[in-house]
Structure formats: structure tokens, C-alpha cells
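These are the residues of each chain, in order.
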Amino acid sequence: MNLICPECKNKVDLTRFPNLAPADVIECDHCGITLGIENISGEEVTAEIVDEGK
Ligand SMILES: [Zn+2]
């Protein structure tokens, strides 16, 4: 599966998340931002930046 971080535009390593599903929350391993999974369609994964209220 492929996910491009909406913040840093790098490819996020999803091999750490073998059971990834929509509404899961992961962390970008490049910029450390928190991402909420929106949709998984085949190999393409989309995510949105989660506002942690900082
Ligand atoms: Zn990132």
C-alpha cells in the first residue's frame, strides 16, 4: 500500500501497519505528524492530518 504524507510529501512506510484500516491513526516516519486514515482503495491510501489541538 502507498501513502504520501500530506504534510511532507514523503512516502510513509506502511509495513509497520499490516492491518491498516480507515479511521486508524498513524504517525509519519518522516515528519512525525499524526495522520488519520481516510480511505484505502487497492494500493492507494489517503490520509488527513490530525489536529492534536496544539
Ligand atoms: Zn510526513
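All of the points below concern the structure found in this document. These numbers come from a predicted model, not from an experiment.

About the criteria used
- Residues numbered from 1 in each chain as written.
- Predicted model: local features only at pLDDT ≥ 70, side-chain atom pairs only at ≥ 80, totals over all residues.
- Pairing = 2+ DSSP bridges.
- Helix = DSSP H or I, 4+ residues; strand = E, 2+ residues; numbered from the N terminus.
- Core = buried A, V, L, I, M, F, W, Y, C linked by C-beta atoms within 7 Å.
- Buried ≥ 20, exposed ≤ 12 C-beta atoms within 10 Å, placed from the backbone.
- Contact = placed C-beta atoms within 7 Å.

### Brief notes about the sheet that holds strand 1 (residues 2–3)
Then, in step 1: Strand order in the open sheet formed by four strands is 1-4-3-2, and the pairing between neighbours is mixed. Of all the strands in the sheet, just strand 1 and strand 2 (25–27) have a single pairing partner and so form its edges.
Then, in step 2: Both strand 1 and strand 4 (residues 44–49) contribute to a ladder of two bridges, which runs parallel. Bridge assignment links asparagine 2 to a residue of strand 4, and that residue is glutamate 44.

### Overview of the environment of proline 18
Then, in step 1: Among the structural elements, proline 18 can be located in the loop between strand 1 and strand 2.
Then, in step 2: Separated by 24 residues in sequence, proline 18 and glycine 42 have C-alpha atoms that sit 14 Å apart.

### Quick word on the pairing of strand 4
Then, in step 1: Pairing of strand 3 (residues 34–41) with strand 4 involves six bridges; the strand directions are antiparallel. In the sheet register, glycine 36 faces strand 4, and the bridge partner there is glutamate 48.
Then, in step 2: Taking the residues between adjacent antiparallel strands as the criterion, strand 3 and strand 4 are bridged by two residues, where glycine 42 takes a positive phi near 65°.

### Some points on the nonpolar core
Then, in step 1: Membership of the largest hydrophobic core is limited to eight residues, which are Leu3, Cys5, Val12, Ile26, Cys28, Leu35, Val45 and Ala47.
Then, in step 2: Apart from residues lying up to four places away in sequence, cysteine 28 is in contact with Cys5, Glu7, Cys8, Val12, Ile33 and Leu35.

Note that every value here comes from positions in space, so none of it alone points to a role or purpose.
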